[in-house]
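The lines below spell out each chain.
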Amino acid sequence: MKVHFLGTAAAEGFPNPFCKCQACVKARELGGRNIRSRTSVMIDEVLKVDFPPDTFFHATRDGIDLGEVQDLLITHTHYDHYNPGDLYNRIEGFAHGINHPLHIYGNDLAMQGIMRELPHSQVGKRFVYHRVLPFKQIETQTAKVTPLLADHDQLETCLLFYIEKDGKNILYGNDTGWFPEDTWEFLKGKKIDLAILDCTGAYNGTKRSRNHMCIETILEVQRVFQEESILNEGGQIIVTHFSHNSGFLHEEFEEAFTPYGIKVAYDGMIINL
Ligand SMILES: [Zn+2]
Ligand SMILES: [Zn+2]
Ligand SMILES: [Zn+2]
């Protein structure tokens, strides 16, 4: 299975184009893996998580035919994950040679917003909408998916996804702080091959940060994974969704995580499971 990290930044992108902080200035200078676009992951070119404003750029940069995507999972409606206006480009007359609808899965807010944005005439032809609920497993076109609860925006039911595909189990774990108890309960007894976690901050002095994770929280998650044997043999943790407010460049995140066997994602990174 191919897991392709299309973007790996928090909401503002890295560097924040408006920002003169040291991390942004250095990232502009150094370029390379310090340049991060908004977070999204593609699995086997058919299953995509989130639809950030950088989606056009991702597709052109990496030569991806988005017309092949069958399932789109939406974690939540913050602007760095959800840009439904651009889905308009998939309607009849705009996108040619498309033979299947794109199935979109998300919470109420995500689905309502998409329905307002896109023409109703395209439902069933180019789009099929699915409102999903936490802990209710669904069968998509390409995987079995269980939405999990995040601890993120307190005014929205933000979701994480437990994805079972071709015998592999992936935890899509951003955006969230320390997992809510119900999510931990779900994860106990599972065997994860790849856990993708939210590392928006660097060190912030707490092992159980709220809303987003930081280095200490990620290490605490890893400790519980080990204690509960939640990772499969050879199972890996990859961190993503980095903010310039962390003050850390790619190399600094690598220095922090490499001793623990945790990988630091960068834009365009591909992992084969
Ligand atoms: Zn985000
Ligand atoms: Zn900055
Ligand atoms: Zn968010």
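Note: the structure precedes this text.
Per chain, residues are indexed from 1 in the order of the written sequence. Each chain takes a letter, starting from A, and each ligand takes a number, starting from 1, following the order in which they are written. Where totals are concerned, whole chains, interfaces and linings use all residues; where local detail is concerned, this predicted model gives features only for residues with pLDDT of at least 70, and gives and counts side-chain atom pairs only at 80 or more. Here the side-chain values reflect all heavy atoms present in the structure, with hydrogen atoms and water set aside.

Let us look at the overall build of the chain. A run of H or I in DSSP counts as a helix once it spans at least four residues, and a run of E counts as a strand once it spans at least two, with each numbered from the N terminus. A count of helices and strands for the chain gives 6 helices and 14 strands. Throughout, the radius of gyration refers to the C-alpha atoms, and the reference size of a globule is 2.2 Å times the residue count to the power 0.38. Its C-alpha radius of gyration of 18 Å places the chain within 12% of the 19 Å reference for a compact globule of 273 residues. Considered along the principal axes of its C-alpha atoms, the chain spans approximately 50 × 45 × 35 Å. The buried label applies to any residue whose accessible area, calculated with a 1.4 Å probe on protein chains only, is under 20% of its type's maximum; exposed applies above 50%, and partly exposed to all values in between. Burial status across the chain gives 57% buried among its 273 residues. In this analysis, two residues are considered to be in contact whenever any of their non-hydrogen atoms come within 4.5 Å of each other. Nonlocal contacts in the chain, meaning residues at least 24 apart in sequence, comprise 68% of its contacts between residues at least 6 apart. Surface summary for the chain: the accessible area is close to 11,800 Å², and the carbon and sulfur share equals 49%. For the accessible areas, the method is Shrake-Rupley and the probe is 1.4 Å, while residue cover comes only from the protein chains on display.

All right, on to the pairing of strand E5 (residues 102-106) then. One face of the sheet, then the other: side chains in a regular strand alternate in exactly this way. E5 sits mainly inside the fold: 5 of its 5 residues count as buried. Direction of pairing for strand E4 (residues 71-73) relative to E5: parallel, over a ladder of 3 bridges. Paired with Leu72 across the bridge in E5 is Ile104. Place the viewer so that the strands point away; then a crossover is right-handed whenever the path from the first strand over the helix to the second strand goes clockwise. As a crossover connection, the stretch from E5 through helix H3 (residues 108-117) into strand E6 (residues 127-131) is right-handed. When DSSP finds two or more bridges between two strands, those strands count as paired.

The next subject is the sheet that holds strand E7 (residues 138-139). Taken in spatial order, the 7 strands make up an open sheet running E7-E8-E9-E10-E11-E12-E13, and their pairing is mixed. Strands at the two margins of the open sheet, each flanked by one partner only, are E7 and strand E13 (263-264). Here 2 bridges tie strand E12 (residues 231-240) to E13, and the two strands are oriented parallel to one another. Residue pairing across strands places Ile238 opposite Lys263, the latter belonging to E13.

Right, let's get into the layout of surface pockets. Think of a 1 Å grid over the protein atoms and nothing else: a 1.4 Å probe that fits but is trapped marks a cavity, an open set flanked by protein within 12 Å on at least five of seven lines marks a pocket, and residues with an atom within 4 Å of a point count as lining. Grid points are joined across faces, edges and corners, and a volume is the space filled by probe spheres set on the points. Of the pockets and cavities examined, the largest pocket occupies roughly 400 Å³. Of the residues forming the lining of the largest pocket, the biggest block, 3 residues, is contributed by helix H2 (residues 55-61). Residue composition of the lining of the largest pocket, by class: 11 nonpolar, 3 polar and 4 charged. For this classification, the nonpolar set comprises Ala, Val, Leu, Ile, Met, Phe, Trp, Tyr, Cys and Pro, the charged set comprises Asp, Glu, Lys and Arg, and every other residue, Gly included, is treated as polar.

In this description, an aromatic ring pair is defined by two values, namely the gap between the centres and the angle between the planes. Between 30 and 60 degrees the pair is tilted, below 30 it is stacked and above 60 it is edge-to-face, where a pair is any two Phe, Tyr or Trp rings, Trp via its six-membered ring, whose centres lie within 6.5 Å. On inspection of all chains with the given rule, the structure shows 10 aromatic pairs. Taken together, a centroid distance of 6.0 Å and an interplanar angle of 75 degrees make the contact between Tyr203 and Phe248 edge-to-face. Of the two residues, Tyr203 sits in the loop between strand E11 (192-198) and helix H5 (215-227) while Phe248 sits in the loop between E12 and helix H6 (250-257), which places them 45 residues apart along the sequence. A relative accessible area of 17% means that Phe248 is categorised as buried. Ring-pair connections join several aromatic residues into one group, and the members of that group are Trp178, Phe179, Trp184 and Phe225.

Let us now look at the coordination of the zinc ion (ligand 1). Shown as donors are all N, O and S atoms within 2.8 Å of a metal ion, widened to 3.2 Å for Na, K and Ca; because water is not in the atom set, sites may appear incomplete. Distances from the zinc ion (ligand 1) to its protein donors, Asp80 (OD), His81 (NE2), Asp175 (OD) and His241 (NE2), fall within 2.1 to 2.2 Å. For a four-donor site, all angles between 85 and 135 degrees give tetrahedral; for four or six donors, opposite pairs above 155 degrees with the remaining angles between 65 and 115 give square planar or octahedral; all remaining cases count as irregular. For the zinc ion (ligand 1), the 4 donor atoms in the first shell make angles of 88 to 165 degrees at the metal, a pattern classed as irregular. All donors of the zinc ion (ligand 1) come from a single chain, and their spacing in sequence reads D-H-x93-D-x65-H. If you look at the zinc ion (ligand 1) and the zinc ion (ligand 3), they sit 3.5 Å from each other and are both ligated by Asp175. Here Asp175 is found in the loop between strand E10 (168-173) and helix H4 (181-187), whereas its partner His241 is found in the loop between E12 and H6, with 66 residues between them in sequence. The pair formed by Asp175 and His241 is uniform in burial state, with each residue classed as buried.

For the rest of this paragraph, the subject is the coordination of the zinc ion (ligand 2). Metal coordination angles have textbook ideals: 109.5 degrees for a tetrahedral set of four donors and 90 or 180 degrees for an octahedral set of six. Around the zinc ion (ligand 2), the protein contributes the donor atoms Cys19 (SG), Cys21 (SG), Cys24 (SG) and His244 (ND1), which lie 2.1 to 2.3 Å from the metal centre. Relative to the metal, the 4 donor atoms surrounding the zinc ion (ligand 2) lie at angles of 100 to 116 degrees, and the coordination shape comes out tetrahedral. Read from N- to C-terminus, the donor residues coordinating the zinc ion (ligand 2) fall into the pattern C-x1-C-x2-C-x219-H. Take Cys19 and Cys24: they sit in the same class, and that class is buried.

By the secondary structure assignment, Asn34 is in the loop between helix H1 (22-30) and strand E2 (40-43). Assessed through its relative accessible area of 11%, Asn34 is described here as buried. Ignoring anything within four residues of it in the chain, the contact list for Asn34 reads Phe14, Pro15, Ala27, Leu249 and His250.

With that settled, the discussion passes to the environment of Glu220. With respect to the secondary-structure elements, Glu220 resides in helix H5. Given a relative accessible area of 7%, Glu220 falls into the buried group. Residues Glu220 and Asn16, 204 residues apart in the sequence, show an inter-C-alpha distance of 29 Å. If sequence neighbours within four positions are ignored, Glu220 has contacts with Trp178, Lys207 and Arg208.

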